[in-house]
Amino acid sequence: MHICRLFLSHFGYVGIENRNSFYPLNISTELMNSLSDLDREYERECQKVGVVYIKKGQSTKEQIFSNRSGSSQYEEFLNTIGWLVPVKLNSPIFLGGLDPDVHCATTPYYCDYNTEIVFYVSTLINNDSNNPEQPHKQKLLNGVGVVIVWTEDLDDYTPLFFSFSKVHIVISPLSIGLFHCNYISTQKRTAFDKKIYSIGPISTTMILSKQLLGSMVRLTAINAYKSNQPPAQFDTRQKKMETIIDQYKKDTSCESFYSSLFSTNDQEVNNINWNQGNFYTPKKGRRVETSQSNLDKPPNEPIP
């Protein structure tokens, strides 16, 4: 309790000027459950980006989605856009609904202090031998606004293959060891679309080295996603916090507020039934990815 008072005092919350914006809450099992529910919401912006590989000469979706591997350069590229993490149910990191029994065992994943991004890589997702159109792959990619397309022959590529995505980042290897990258928007050029065309760092046609390719493509995908998809999880967390305040706010007089703050009273805490509450305990490793040591590591190094 003493530590809490010091914290509130040092941050200015107990000042009389903040009395109308700082309220105590009625401590109860229901409040603890509501806080646990809030903790289950992702605190960072969660993004889903598709990755598709097109071999030379492939011209149909059935051929493209049936690919289970790519060139050595393509495989190296996958290791630079994110960490290859195992796909598990109830994973502490954001995996965008991937199921290890249906989709894949591993997938590239990247995060920083305010963003989590999972890549739906068509070559890593299991094929359905009974359906050459691979509808489970197409369903995943239909839910993304940005798709990274690696094509071995740029002349054969057409954005109509993936018209469901608003932004295509197209990569094609060159014979000199560099990579041709192009940013394509499938939207009509309205006033809103002009903003999309200048997202960057890849905004038009660029020639990139292998060392820059992964980070430049990933950052462009993140910026393109943000321009098309509002960060809904921030609104969700804010609404839940406002609901908690409205439901459990304790209306007290100024005298009662300060009296309860600087007196020891654990009765409310003791009244909580800790055995019946559906309390959420964060899983070990939930925040490992955000440590500074991990942010300093390039994506092709594993998460510890």
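No experiment lies behind these values; they were computed from the predicted model shown. (Residues numbered from 1 in each chain as written. Predicted model: local features only at pLDDT ≥ 70, side-chain atom pairs only at ≥ 80, totals over all residues. Heavy atoms only, no water.)

Structural notes on the overall build of the chain
Within the chain, the regular secondary structure consists of 11 helices and eight strands. Within the chain, buried positions represent 40% of all 304 residues. Residue pairs at least 24 apart in sequence account for 62% of intrachain contacts in the chain once pairs closer than 6 positions are excluded. For the chain, the exposed surface amounts to about 16500 Å²; the carbon and sulfur share of it is 52%. (Helix = DSSP H or I, 4+ residues; strand = E, 2+ residues; numbered from the N terminus. Buried < 20%, exposed > 50% of the residue type's maximum accessible area, 1.4 Å probe, protein only. Contact = heavy atoms within 4.5 Å. Areas by Shrake-Rupley, 256 points an atom, 1.4 Å probe, with all protein chains shown as cover.)

Re the packing of aromatic side chains
A complete count under the given rule lists five aromatic pairs for this structure. Judged by centre distance (5.4 Å) and plane angle (15°), the ring pair of Trp-83 and Tyr-110 falls under stacked. Taken together, the residues span a long stretch of sequence, with Trp-83 in strand β2 (residues 83-86) and Tyr-110 in strand β3 (residues 106-111) at a distance of 27 residues. The class of Trp-83 is buried, set by a relative accessible area of 3%. With relative accessibility at 16%, the residue Tyr-110 sits in the buried group. Counting every residue linked through ring pairs, the aromatic cluster contains Tyr-53, Tyr-74, Phe-77, Trp-150 and Phe-179. Taking the ring centre of Tyr-110 as reference, the NZ or CZ of Arg-218 above it sits at 4.0 Å. (Phe/Tyr/Trp six-rings, centres within 6.5 Å; stacked < 30°, edge-to-face > 60°. Lys NZ or Arg CZ within 6 Å of the ring centre and 35° of its normal.)

A few points about the sheet that holds strand β6 (residues 167-173)
Spatial strand order, β2-β3-β4-β1-β5-β6-β7-β8: eight strands in an open sheet with mixed pairing. What marks the edges here is a single partner per strand, and that holds for β2 and β8 (206-208). Strand-to-strand twist across the sheet, computed as the mean angle between neighbouring axes with direction ignored, equals 30°. Two strands pair when backbone bridges link them, and strand β7 (residues 179-185) and β8 are joined in this way by three bridges, in the antiparallel orientation. Bridged to His-180 within β8 is Ile-207. (Pairing = 2+ DSSP bridges. Axes fitted to C-alpha atoms, helices over the stretch in contact; angles between N-to-C directions.)

Notes on the environment of Leu-212
Mapping Leu-212 onto the fold places it in helix α7 (residues 210-228). Residues Leu-212 and Thr-80 lie 132 residues apart in sequence; the distance between their C-alpha atoms is 9.3 Å.

Considerations on the environment of Asp-153
Within the secondary structure layout, Asp-153 lies in the loop between β5 (146-151) and β6. Note on Asp-153: relative accessible area 18%, which makes it buried. Each C-alpha atom of the pair Asp-153 and Lys-55 lies 7.4 Å from the other, and the pair is 98 residues apart in sequence.

Some details on the pairing of β5
Most of β5 is tucked away: six of the six residues are buried. Taken together, the five bridges between strand β1 (residues 45-54) and β5 define a ladder with parallel strand orientation. Counted as the bridge partner of Val-52 is Val-149 from β5. Relative to β6, β5 runs parallel, the two sharing five bridges. Across the sheet, Val-146 pairs through a bridge with Val-167, a residue of β6.

Observations concerning the confidence of the model for the chain
Confidence in the prediction of the chain, expressed as mean pLDDT, is 78, and 78% of residues score 70 or more. Of all secondary-structure elements in the chain, the lowest mean pLDDT belongs to helix α11 (residues 292-295), at 42, while helix α4 (residues 72-81) reaches the highest, 94. Overall, residues 191-197 carries pLDDT values under 50, and its contacts beyond four positions in sequence, including any with other chains, amount to 18 contacts. Low pLDDT, under 50, characterises residues 282-296; the predicted model gives this stretch 26 contacts beyond four residues in sequence or across chains. (pLDDT = per-residue confidence, 0-100.)

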